[in-house]
Amino acid sequence: MSILIKNINQLLQVHEDNVTIVKGAKMKTLPLIENAYVYIVDDTIVEYGSMDNIGDIKAEETIDATGKIVLPSWCDSHTHIVYAGNRASEFVDRINGLSYAEIANRGGGILNSAKTLQNTSEDDLYKQSLKRLNEVIAMGTGAVEIKTGYGLTVEAELKMLKVIKRLKQDSLAKVKPTLLAAHAIPEKYRSDKASYLKIIINELLPKASSLRIAEYIDVFCEEGYFSIEDTEAILKAAKKYHLQPKIHVNQFNILGGVALGVKYNALSVDHLEELNDDDIKALKESITMPVALPGCSYFLGIPYTPARKIIDAGLPLAIATDFNPGSAPSGNMNFVVSSACIKLKMTPEEAINAATINGAYAMGISNMYGSITRGKKANLIITKPMDNYASIAYEFGQDPIDRIIINGISL
Ligand code: NIG
Ligand code: FE
């Protein structure tokens, strides 16, 4: 199948060379072609350019994008889309004055989601999760990382991994699976965390590895969850199975997780609502992508990741939804791009770089996703008519999407 999209007002994130990351001051640049076309064959971007030089392209389908913007689909590098039920009642508890920590301490929070998930069949979990995945695709996401972490037993964590595998097989979106068994300490091991760590290291990691259904390892490195020592034990064990870290750090407290992540060549360190100069220093000489999750800050009312400090230090930054039932029950990347501008003081160019090419980097797929480059996957957003791409961020909470093309298929 071939598709020609023509008369595009602005074609964004166009790179002749296959860039895989954009850092620091370069994030302010978003290369674009005005009055452009892009030509897709099957699942691949084959050609693009100015309408002045379109020549004679014959396509099976032609889309007239007059007045519209075309850009690479969002790359959402941090989600917990696979979960069962919801935590709307905890949301109301928070409105009535309880904190996220207070709710967790009385058995709510992640443990509440784990109880529900353990009692949900694989098929039901798959159906609930597929519905969410299809919703985020409709909002412009073309590639997504999905974590486990609401199982907290060997059996339930594997159930989550199997569901992620089915989503990966059945969905048009690119899916990358991450094992986050160290997301919370199960009730049963409340006073014996060491035994839970042993189960993760000696049982779950070998099983997940033999089934080849996890690609990354994650740990919630935080007070009351997993310490630096716990985190290091897991990262060390995961290294033997070639699971690269993508870890939750610095959400509420700075424990030293950023430097630890860098030491283990983490692909990303995520959250960073709290961040100090040592963290910046550690990231400077690393291959690790810092990831901000503004939807979580918005929903919990906690500080926003200091994006300016990160970018102005010459570092790259990615933004993601953190879609999960407790701290960010939304997978809307358009909202994340808006919040990055409004709350993280990122320019629209920086936010779009963070949500496309840098998001793809944080999933290890930026050689094939995240820019308009010949040979890359045909995952595209076509917006509603707008004068300038800044409107994607400016009109916050509005739906900017007209249609999407995912894996070369027009939806
Ligand atoms: O990224 N911080 C840890 N994990 C999730 C929230 C989990 C939950 O509350 O269910 C997060 O915010
Ligand atoms: Fe998260």
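Residues numbered from 1 in each chain as written. Chains lettered and ligands numbered in written order. Predicted model: local features only at pLDDT ≥ 70, side-chain atom pairs only at ≥ 80, totals over all residues. Heavy atoms only, no water.

Some remarks on the sheet that holds strand E11 (residues 268–271)
So, step 1. Strands sit in the order E6-E7-E8-E9-E10-E11-E12-E13 across an open sheet of eight strands; the sheet is parallel. The sheet terminates laterally at strand E6 (74–76) and strand E13 (318–319), the two strands that pair on one side only.
So, step 2. Here E11 runs beside strand E12 (residues 289–292); their pairing, made up of three bridges, is parallel. In the strand pairing of E12, Val-269 is matched with Pro-290.
So, step 3. The strands touched by helix H7 (residues 228–240) within the sheet are strand E8 (174–182), strand E9 (216–221) and strand E10 (244–249), with E9 carrying the most contacts at an inclination of about 175 degrees. (Pairing = 2+ DSSP bridges. Helix = DSSP H or I, 4+ residues; strand = E, 2+ residues; numbered from the N terminus. Contact = heavy atoms within 4.5 Å. Axes fitted to C-alpha atoms, helices over the stretch in contact; angles between N-to-C directions.)

A few points about helix H9 (residues 277–284)
So, step 1. Three or more residues of H9 are buried, namely Asp-279, Ile-280, Ala-282 and Leu-283. Buried residues along H9 cover an arc of 160 degrees about the axis, so they all sit on one side. Exposed residues pointing more than 90 degrees away from the buried face of H9 are listed as Asp-277, Asp-278 and Lys-281.
So, step 2. Residues of H9 that are buried make contact with helix H8 (257–263), E11, E12 and helix H11 (307–312).
So, step 3. For H9, the capping residue at the N-terminal end is Asn-276, with a side-chain oxygen 3.1 Å from the backbone nitrogen of Asp-278. (Buried < 20%, exposed > 50% of the residue type's maximum accessible area, 1.4 Å probe, protein only. Arc of directions from axis to C-beta. Polar contact = N/O pair within 3.5 Å; in protein donor to acceptor, adjacent residues only side chain to side chain.)

A look at the pattern of salt bridges
So, step 1. For the structure on display, the rule yields 23 salt bridges.
So, step 2. Here Glu-350 and Lys-28 are joined by a salt bridge, their closest N and O atoms 3.4 Å apart. Residue Glu-350 is found in helix H13 (residues 348–355), and its partner Lys-28 is found in the loop between strand E1 (2–12) and strand E2 (32–41); the two are separated by 322 residues along the sequence.
So, step 3. A salt bridge links Lys-68 to Asp-402; the nearest nitrogen and oxygen atoms lie 3.0 Å apart. Taken together, the residues Lys-68 in the loop between strand E4 (61–64) and strand E5 (69–72) and Asp-402 in strand E15 (residues 401–406) connect sequence positions 334 residues apart.
So, step 4. Taking the relative accessible area as the measure of exposure, Asp-402 reaches 37% and is therefore partly exposed.
So, step 5. In the salt-bridge network here, residues are joined through shared partners; they are Lys-28, Arg-308, Asp-312 and Glu-350. (Salt bridge = Lys/Arg side-chain N within 4 Å of Asp/Glu carboxyl O.)

Notes on the packing of aromatic side chains
So, step 1. Under the criterion given, the structure shown has six aromatic pairs.
So, step 2. Pairing Phe-91 with Phe-299 gives two aromatic rings, centres 5.3 Å apart and planes at 15 degrees, and the pair type is stacked. One end of the pair, Phe-91, is in helix H1 (residues 88–95); the other, Phe-299, is in helix H10 (residues 294–300), with 208 residues separating them in the sequence.
So, step 3. Lying over the aromatic face of Phe-299, Arg-94 brings its terminal NZ or CZ to 4.7 Å of the ring centre.
So, step 4. Sitting over the face of the ring of Tyr-83, Arg-132 holds its NZ or CZ atom 3.5 Å from the ring centroid. (Phe/Tyr/Trp six-rings, centres within 6.5 Å; stacked < 30°, edge-to-face > 60°. Lys NZ or Arg CZ within 6 Å of the ring centre and 35° of its normal.)

Re the coordination of the iron ion (ligand 2)
So, step 1. Each protein donor to the iron ion (ligand 2) is listed here as His-78 (NE2), His-80 (NE2), His-248 (NE2) and Asp-322 (OD); together their distances run 2.1 to 2.2 Å.
So, step 2. Mapping the donors of the iron ion (ligand 2) onto the primary sequence gives the spacing H-x1-H-x167-H-x73-D.
So, step 3. A relative accessible area of 2% places His-80 in the buried class. (Donors = N, O, S within 2.8 Å, 3.2 Å for Na, K, Ca; no water.)

Some remarks on unusual backbone geometry
So, step 1. A positive phi angle is found at Asn-250, which is not glycine, with a value near 60 degrees.
So, step 2. Looking at the secondary structure, you find Asn-250 in the loop between E10 and H8.
So, step 3. The class for Asn-250 is buried, based on a relative accessible area of 1%.
So, step 4. You will see that Asn-265, though not glycine, has its phi angle at about 55 degrees, which is positive.
So, step 5. Assignment of secondary structure puts Asn-265 in the loop between H8 and E11.

Digging into the nonpolar core
So, step 1. Ranked by internal contacts, the top residues of the largest apolar core, which has 103 residues, are Trp-74, Leu-179, Ile-319 and Met-346.
So, step 2. Looking at this core element by element, the count peaks at eight residues for helix H5 (residues 154–170).
So, step 3. Each of two domains, domain 1 (2–72 + 368–410) and domain 2 (75–361), supplies a minimum of three residues to this core.
So, step 4. Non-local contacts of Leu-179, meaning those with residues more than four positions away in its chain, are made with Thr-148, Glu-157, Leu-161, Leu-204, Leu-205, Ala-208, Ala-214, Tyr-216, Ile-217 and Asp-218.
So, step 5. The next biggest cluster of nonpolar side chains, apart from the first, holds 19 residues, and it includes Ile-5, Ile-8, Leu-11 and Ile-40. (Core = buried A, V, L, I, M, F, W, Y, C linked by side-chain atoms within 4.5 Å. Domains from an automatic or database assignment.)

Describing the pairing of E9
So, step 1. For E9, a buried count of six out of six residues is recorded, marking the element as mostly surrounded by other parts of the structure.
So, step 2. Alternating residues of E9 divide into Tyr-216, Asp-218 and Phe-220 and Ile-217, Val-219 and Cys-221, and every residue in both groups is buried.
So, step 3. Note: E8 against E9, three bridges, orientation parallel. Bridge pairing links Leu-179 to Ile-217 in E9.
So, step 4. Once you follow E8 into helix H6 (residues 193–211) and on to E9, the crossover reads as right-handed.
So, step 5. Taken together, the four bridges between E9 and E10 define a ladder with parallel strand orientation. Following the sheet pairing, Phe-220 is matched in E10 by His-248.
So, step 6. After leaving E9, the chain enters H7 and then returns to the sheet as E10, a path that is right-handed. (Right-handed = clockwise from strand over helix to strand, strands pointing away.)

Regarding a nonpolar patch on the surface
So, step 1. Taken together, the side chains of Phe-91, Val-92 and Ile-95 define a hydrophobic patch exposed on the protein surface, amounting to about 280 Å² of accessible area.
So, step 2. Within the secondary structure, Ile-95 is located in helix H1.
So, step 3. Judged by its relative accessible area of 58%, Ile-95 falls in the exposed class. (Patch = residues over 30% accessible without salt bridge, like charges linked within 9 Å, V, L, I, M, F, W, Y side chains within 5 Å. Areas by Shrake-Rupley, 256 points an atom, 1.4 Å probe, with all protein chains shown as cover.)

What about the domain arrangement of the protein?
So, step 1. Split by domain assignment, the protein resolves into domain 1 (2–72 + 368–410) and domain 2 (75–361).
So, step 2. The C-alpha centroid of domain 2 is placed 29 Å from the C-alpha centroid of domain 1.
So, step 3. Contacts between the two partners involve 34 residues from domain 1, matched on the other side by 36 residues from domain 2.
So, step 4. Interface area for domain 1 against domain 2, summed over the two sides, is near 2700 Å², with a carbon-plus-sulfur share of 69%.
So, step 5. Taken together, the connections running from domain 1 to domain 2 amount to one salt bridge.
So, step 6. The interface formed by domain 1 and domain 2 contains 13 residue pairs in polar contact (both at pLDDT 80 or more).
So, step 7. Sorting elements by how many residues they give to the side of domain 1 that touches domain 2 places helix H15 (residues 390–394) first, with four residues.
So, step 8. Its residues assigned to classes, the side of domain 1 that touches domain 2 comprises 22 nonpolar, eight polar and four charged. (Buried area = accessible area lost by both parts, 1.4 Å probe. Nonpolar A, V, L, I, M, F, W, Y, C, P; charged D, E, K, R; others polar.)

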